[in-house]
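# What the coordinates show
Single-letter residue listing:
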Amino acid sequence: MSENEKLAPYIPDAGAVTMFTTSWCGYCRNLKRLMDARGIGYTEVNIEEVEGTAELVEAFNGGNQTVPTLIFPDGTAATNPRIEEVLERV
């Protein structure tokens, strides 16, 4: 299965993001709080619990499992983005 085929189920609808997280990530909790406050929809995917997602995150981050990694409706990603960037890209 290609990387594009692996990514396809995680590409969100317009106006939302997919957010790859871990249960212990403080940056993830903070970004979720900010997105909630601004009404940005997101689907959270814990890379420690969902098989194959850690590898997707690594593919976007030079082999590192850095979270939060967000996938936008156009299929691009951002790692630990500022809320302003998220607002611009959804």
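Here's what I pulled together on the structure shown here. Just so it is clear, the structure is predicted and the values come from calculations on it, not from any experiment. Per chain, the residues get numbers from 1 upward, laid out in the order the sequence is written. Side-chain atom pairs in this predicted model are given and counted only at pLDDT of 80 or more, local residue features only at pLDDT of at least 70, and totals for whole chains, interfaces and linings cover all residues. Only hydrogens and water are set aside; all other atoms, that is, all heavy atoms of the structure, feed into the side-chain values.

## Examining the pattern of salt bridges
Any two side chains of opposite charge can pair, so long as their charged atoms come close to each other. As a reminder of what qualifies: Salt bridge, as used here: a side-chain nitrogen of Lys or Arg that lies within 4 Å of a carboxyl oxygen of Asp or Glu. Burial classes: relative accessible area under 20% of the type maximum marks a residue as buried, over 50% as exposed, and values in between as partly exposed (1.4 Å probe, protein chains only).
Overall, the coordinates contain three salt bridges when judged by the stated rule. Put simply, R82 and E84 hold a salt bridge, and the shortest N to O gap is 3.5 Å. When its relative accessible area of 40% is taken as the criterion, E84 is described as partly exposed.

## Overview of helix α2 (residues 26-38)
This is how it is decided: Per the convention used, a helix needs a DSSP run of H or I reaching at least four residues, while a strand needs a run of E reaching at least two, with both numbered from the N terminus. Given the number of residues in a helix, its expected span is that number minus one, multiplied by 1.5 Å. Note on contacts: a residue pair qualifies if any of its non-hydrogen atoms lie within 4.5 Å across the two residues.
Between its first and last C-alpha atoms α2 spans 19 Å; for 13 residues at 1.5 Å apiece the expected length is 18 Å, and the two agree. Buried residues belonging to α2 abut β1 (16-21), β2 (41-46), β3 (69-71) and α4 (83-89).

## Considerations on helix α3 (residues 53-60)
What counts, and what does not: When we speak of the arc, we mean the arc of directions from the helix axis to the C-beta atoms.
For α3, the full list of buried residues reads T53, A54, L56 and V57. Projected onto a plane normal to the axis of α3, the buried residues spread over an arc of 160 degrees and lie on a single side. One or two positions beyond α3, positive phi appears at G62, with a value near 60 degrees.

## With respect to the sheet that holds β2
Definition in use: Strand pairing follows a simple DSSP-based rule, namely that at least 2 bridges must link the two strands. Here the axes come from fitting lines to C-alpha atoms, over the contacting stretch only for helices, and the angles between their N-to-C directions go from 0 to 180 degrees.
If you walk across this open sheet you meet the four strands as β2-β1-β3-β4, and the pairing is mixed. Of all strands in the sheet, those with a lone pairing partner are β2 and β4 (77-79), marking the two edges. Recorded for the sheet is a direction-independent mean angle of 25 degrees between the axes of neighbouring strands. This element, α2, spans β1, β2 and β3 of the sheet and lies at about 160 degrees to β1.

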